[in-house]
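Residues per chain are reported as follows:
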Amino acid sequence: MMASRASVDAYLASRGSPEQLVDCRAIMAMCRRVTKQQPKMWGPSIVGYGSYTYKYESGHSGDACLVGFAVRGKELVVYITAEKPEQVDLLARLGRHRMGKVCLYIKRLADLDVEVLEALIAGSVAEIKRRHP
């Protein structure tokens, strides 16, 4: 997936409810603080920060954002890795969420400890940079 010149603001306005937009702005501020990067659209529906190149053992390679998020219906999805024990411990303290392989599903930031969320984002970015220097 590649970063595009599509408008982050237009994407958010077209997808998010007013409450979600407030949460999106808070997530954007966290991602900016952690990555020191500005947001870019990745594909049609992911707001991403920074980038890295991955390469699988199969030889397949590509580019991805260090951290990103998307509006998916009534949920927000934050794309992070959270496999290390310290990340798993943070997830236990986060609040109401569901975690897939790299998808953290949340309904509202009000349900979460936002400091823990920012720590999860920072830990994920550090792990991706370690794996893909």
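Calculation criteria
Residues numbered from 1 in each chain as written. Predicted model: local features only at pLDDT ≥ 70, side-chain atom pairs only at ≥ 80, totals over all residues. Heavy atoms only, no water. Helix = DSSP H or I, 4+ residues; strand = E, 2+ residues; numbered from the N terminus. Rg over C-alpha atoms; globule rule 2.2 N^0.38 Å. Buried < 20%, exposed > 50% of the residue type's maximum accessible area, 1.4 Å probe, protein only. Contact = heavy atoms within 4.5 Å. Axes fitted to C-alpha atoms, helices over the stretch in contact; angles between N-to-C directions. Parallel < 35°, antiparallel > 145°, perpendicular 65-115°, else oblique. Left-handed = near helix turned anticlockwise from the far one by under 90°. Nonpolar A, V, L, I, M, F, W, Y, C, P; charged D, E, K, R; others polar. Core = buried A, V, L, I, M, F, W, Y, C linked by side-chain atoms within 4.5 Å. Pairing = 2+ DSSP bridges.

Draft legend 1. Quick peek at the overall build of the protein chain. A count of helical and extended segments in the protein chain gives four helices and nine strands. Radius of gyration (C-alpha) of the protein chain: 14 Å, near the 14 Å computed for a compact globule of 133 residues. Overall, the C-alpha framework of the protein chain stretches about 40 × 35 × 25 Å when taken along its three principal axes. Looking at the protein chain as a whole, 43% of its 133 residues are labelled buried.

Draft legend 2. Here's a closer look at the environment of G50. Tracing the chain through its elements places G50 in the loop between β3 (46-49) and β4 (52-55). According to the relative accessible area criterion, G50 is buried, its value standing at 16%. Separated by 13 residues in the primary sequence, G50 and Q37 have C-alpha atoms spaced 5.8 Å apart. The residues touching G50, leaving out its near neighbours within four places in the chain, are Q37, W42, A64, C65 and L66.

Draft legend 3. Here's a closer look at the packing of helix α2 (residues 18-35) against helix α4 (residues 114-131). One way to put it is that α2 packs onto α4 with a least axis distance of 10 Å and a crossing angle of 40°. Here α4 runs oblique to α2, going by the angle between their axes. Where α2 crosses over α4, the handedness of that crossing is right-handed. Here M30, C31, R33, V34 and T35 of α2 come into contact with α4, specifically with V114, L117, E118, I121, A122 and V125. Its residues assigned to classes, the contact of α2 with α4 shows eight nonpolar, one polar and two charged.

Draft legend 4. Just the nonpolar core, in detail. One finds L12, F69 and I121 to be the most contacted residues of the largest nonpolar core, which totals 42 residues. Examining the composition of this core, we find that six residues originate from one element, α4, more than from any other. Here I121 is in contact with M30, C31, V34, V67, V78 and I80, once residues within four sequence places are set aside.

Draft legend 5. Inspection of the pairing of β4 at higher detail. The alternating pattern of β4 places Y52 and Y54 on a buried face and T53 and K55 on a face that is not buried. Both β4 and strand β5 (residues 61-64) contribute to a ladder of four bridges, which runs antiparallel. Bridge pairing links Y54 to G62 in β5. Between the end of β4 and the start of β5, which pair antiparallel, lie five residues, with G59 showing a positive phi angle near 100°.

Draft legend 6. Representation of unusual backbone geometry in the model. Of note, K36 is a non-glycine position whose phi angle comes to about 60°, a positive value. Secondary-structure assignment places K36 in the loop between α2 and β2 (39-42). Residue classification places K36 among the exposed positions, given a relative accessible area of 68%.

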